[in-house]
Amino acid sequence: REKDDKYKTWLPKFLMAKEDQDQRKSSDDVERNIFKVKKSNAEKSKKMGKAEKFFRETFMYNKEINVINTATAECSVPSKRRVDLSVTAGEQLDVIDVTEGDAVICRNSEGRYGYVLVEHLNFR
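Since the model is a prediction, treat every value here as computed from it, not as a measurement.

### Details of the packing of aromatic side chains
Overall, the coordinates contain four aromatic pairs when judged by the stated rule. A centroid spacing of 4.9 Å and a plane angle of 45 degrees characterise the contact between phenylalanine 55 and phenylalanine 59, whose relative ring orientation is tilted. With phenylalanine 55 and phenylalanine 59 both in helix H2 (residues 18–59), this residue pair falls four residues apart, about one helical turn. In this structure, phenylalanine 55 and phenylalanine 59 share a single accessibility class: buried. Members of the aromatic cluster, each reached through a chain of ring pairs, are Phe55, Phe59, Tyr61, Tyr113 and Tyr115.

### Considerations on the nonpolar core
Core analysis: the largest hydrophobic core is formed by ten residues, namely Ala71, Ala73, Leu85, Val87, Leu93, Val95, Val104, Cys106, Val116 and Leu121. When near neighbours in sequence (up to four residues on either side) are disregarded, leucine 93 contacts Asn69, Thr70, Ala71, Leu85, Val87, Cys106, Arg107, Asn108, Val116 and Leu121. Membership of the second largest hydrophobic core comes to seven residues, among which are Phe55, Phe59, Tyr61 and Ile65.

### What to know about the sheet that holds strand S5 (residues 121–123)
Within a sheet, adjacent strands bond to each other through the backbone by hydrogen bonds, running parallel or antiparallel. Spatially, five strands are ordered S4-S3-S2-S1-S5 in an open sheet, and the strand pairing comes out antiparallel. Edge strands, defined here as strands with exactly one partner in the open sheet, are strand S4 (113–117) and S5. Here the average twist between neighbouring strands, direction ignored, is 50 degrees.

### Considerations on the environment of valine 98
The topology assignment puts valine 98 in strand S2 (residues 92–98). Taking the relative accessible area as the measure of exposure, valine 98 reaches 56% and is therefore exposed. A C-alpha to C-alpha distance of 9.7 Å links valine 98 and valine 118, two positions 20 residues apart in sequence. For valine 98, the contacting residues outside a window of four places in its chain are Ile68 and Val104.

### As for the environment of threonine 72
Considering the arrangement of structural elements, one finds threonine 72 in strand S1 (residues 69–73). Taking the C-alpha atoms as reference points, threonine 72 and aspartate 94, 22 residues apart in sequence, are found 8.9 Å from one another. Excluding residues within four positions of it along the chain, threonine 72 makes contact with Gly90, Glu91, Gln92, His120, Leu121, Asn122 and Arg124. A distance of 2.8 Å separates polar atoms of two side chains, one belonging to threonine 72 and the other to glutamine 92.

Definitions and limits used
Residues numbered from 1 in each chain as written. Predicted model: local features only at pLDDT ≥ 70, side-chain atom pairs only at ≥ 80, totals over all residues. Heavy atoms only, no water. Phe/Tyr/Trp six-rings, centres within 6.5 Å; stacked < 30°, edge-to-face > 60°. Helix = DSSP H or I, 4+ residues; strand = E, 2+ residues; numbered from the N terminus. Buried < 20%, exposed > 50% of the residue type's maximum accessible area, 1.4 Å probe, protein only. Core = buried A, V, L, I, M, F, W, Y, C linked by side-chain atoms within 4.5 Å. Contact = heavy atoms within 4.5 Å. Pairing = 2+ DSSP bridges. Axes fitted to C-alpha atoms, helices over the stretch in contact; angles between N-to-C directions. Polar contact = N/O pair within 3.5 Å; in protein donor to acceptor, adjacent residues only side chain to side chain.

Now the structure itself:
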């Protein structure tokens, strides 16, 4: 028996004993869950890419997108124009660029971009 275990050959899944197949099923489920997480990350990055493309076209923004600062929204403000970013109180925003006047270009956690007035933001 020791010799058989020592020199055990690889068998395809359909030739394995039933007990071995049950053990394999549990490990296969774990592997599948890992792939689902990766798939959702891919979908999320795809959405972020679409939002970035829309941002670049709408704002005619050719520079590299760098986060200058982070800010917290003090109050909820709905967007009035298409280029404005609607904000909820306490939301974390990444400041991308400073514009002329009292507005800054921000990105929220969903990856959407838009103008937000400085008076609605609290910088750390």
